[in-house]
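Below, each chain spelled out in residue letters.
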Amino acid sequence: MNRLEGRVAVITGAGSGIGLATARRFAAEGAVVVAADLNPAAAKAAAEEVGGEAVTVDVADEEQVRELFDGVAERHGRVDIAFNNAGISPPEDDSILDTDINAWERVMSVNATSVYYCCKYVLPHMRRQGKGSIINTASFVALLGAATSQIAYTASKGAVLSMTRELGVQFAREGIRVNALCPGPIATPMLMELFAKDPERAARRLVHVPMGRFGDPAEIAAAVAFLASDDSSFMTANTFVVDGGITGAYVTPL
Ligand code: NAD
């Protein structure tokens with residue numbers, strides 16, 4: 001499928017996991033990929049692999065995000081797709097009883113304020129074009145409570161979800177679609193680091209997944225490509241859940 005032929009797509013967090021899988025998928029569908037990441041080597045490797053452009057950016061820094069989108073618009077003439085996906089899930093973010101304000105502020109800044117910056121600075125370009133698709137990565141934890149808390153992460157993803165809905169509504173008549181993606185647990189470096197290398201912690205979570213496995217980043221990339229393409233042309237302000245059935249489940253199969 002060549003649904004994204006010639007479209008200019010910015011992906012934040014493109015150096016790893018879901019962002020990297022999406023860079024591959026976007027390129028396979030014909031997009032010009034701008035791989036943006038805090039890690040310069042990872043951004044470069046991703047860009048080289050997909051024949052795109054690498055940009056080193058800290059999405060928590062307003063000026064760097066403004067430069068990212070203005071720079072892409074200047075060099076490529078347009079910005080058709082923004083996949084605002086970079087995020088962190090550090091171990092210091094845990095139960096509210098043990099999570100200090102520094103961990104809270106860092107997670108809110110990288111996961112939620114970054115999405116505010118990315119949307120704020122890509123929207124003027126999309127408004128000028130009269131067209132654009134923004135996909136913001138939230139999470140299934142924005143929809144479900146967990147006894148294994150990461151309080152700042154969960155709150156940050158809730159913010160992404162409600163911000164996305166509001167932007168989708170506000171800009172719907174300007175040809176700009178804004179949708180949130182809620183992945184379930186996906187086997188990326190972020191998740192493997194936290195849970196999957198510890199079989200007990202992994203099992204504690206997998207019992208709640210009807211499909212009985214973590215998702216593959218490519219399965220999320222397929223959903224992002226759909227949201228980025230005109231195949232989803234009547235979708236905006238949407239919460240797009242790709243979670244192996246978690247949010248639909250009460251008792252899962254043995
Ligand atoms: P990952 O750790 O594999 O990749 C994240 C990438 O973001 C890395 O390349 C990292 O360098 C980059 N990054 C981190 N901080 C940055 C910053 N300040 N500026 C720019 N880039 C930065 O993680 P992933 O699992 O692919 O997660 C991608 C997104 O999906 C995140 O928003 C995450 O919260 C979300 N998500 C992940 C899962 C999961 O189970 N893996 C589930 C739901 C949602």
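Naming follows an unreviewed UniProt entry, where the protein appears as 3-oxoacyl-ACP reductase of Virgisporangium aurantiacum. A UniProt comment under Sequence similarities (unreviewed entry) is attached to the protein, and it reads "Belongs to the short-chain dehydrogenases/reductases (SDR) family."

Quick word on helix H5 (residues 151-170)
Given 3.6 residues to a turn, an α-helix orients residues that are three or four positions apart in the same direction. In this model H5 runs 29 Å from its N-terminal to its C-terminal C-alpha over 20 residues, within 8% of the 28 Å that 1.5 Å per residue would give. Every buried residue of H5 is listed here: Ala 152, Tyr 153, Ser 156, Lys 157, Val 160, Leu 161, Thr 164, Leu 167 and Gly 168.

Some details on the site of the ligand
Near the ligand there are 28 residues, and of these Ser 16, Asp 37, Tyr 153, Ile 186 and Thr 188 occur at the shortest range. Contact distances for the ligand include 3.0 Å between a nitrogen atom and a backbone N or O atom of Val 59. In the environment of the ligand, an oxygen atom lies 2.9 Å from a nitrogen or oxygen atom belonging to the side chain of Lys 157. Elements supplying a minimum of two residues to the shell around the ligand: helix H1 (17-28), H5 and helix H6 (189-196). Considering each element in turn, the shell around the ligand owes the most residues, three residues, to H6. Within the shell around the ligand, the residues separate by chemical class into 15 nonpolar, ten polar and three charged.

So, the state of the cysteines
Tallied over the full model, the rule gives zero disulfides. With no disulfide partner, Cys 118 has as its closest neighbouring cysteine sulfur the one in Cys 119, 6.9 Å distant. For Cys 118, a relative accessible area of 1% translates into the label buried.

Describing the packing of aromatic side chains
Here the structure, examined in full by the defined rule, presents two aromatic pairs. Look at Phe 226 and Phe 240: their rings are 5.7 Å apart centre to centre, the planes differ by 35°, and that puts the pair in the tilted class. Of the two residues, Phe 226 sits in helix H8 (residues 217-228) while Phe 240 sits in strand E7 (residues 239-242), which places them 14 residues apart along the sequence. Residue Phe 226 is classed as partly exposed on the basis of its relative accessible area of 24%.

A closer look at the environment of Gly 77
Examined against the element boundaries, Gly 77 turns out to sit in the loop between helix H3 (62-76) and strand E4 (81-84). Judged by relative accessible area, which is 59%, Gly 77 ranks as exposed. Between the C-alpha atoms of Gly 77 and Val 122, which are 45 residues apart in sequence, the distance is 13 Å.

Conventions adopted
- Residues numbered from 1 in each chain as written.
- Predicted model: local features only at pLDDT ≥ 70, side-chain atom pairs only at ≥ 80, totals over all residues.
- Heavy atoms only, no water.
- UniProt positions renumbered as here; feature names shortened; annotations may be inferred.
- Helix = DSSP H or I, 4+ residues; strand = E, 2+ residues; numbered from the N terminus.
- Expected span 1.5 Å × (residues − 1).
- Buried < 20%, exposed > 50% of the residue type's maximum accessible area, 1.4 Å probe, protein only.
- Near = heavy atom within 4 Å.
- Polar contact = N/O pair within 3.5 Å; in protein donor to acceptor, adjacent residues only side chain to side chain.
- Nonpolar A, V, L, I, M, F, W, Y, C, P; charged D, E, K, R; others polar.
- Disulfide = S-S within 2.5 Å.
- Phe/Tyr/Trp six-rings, centres within 6.5 Å; stacked < 30°, edge-to-face > 60°.

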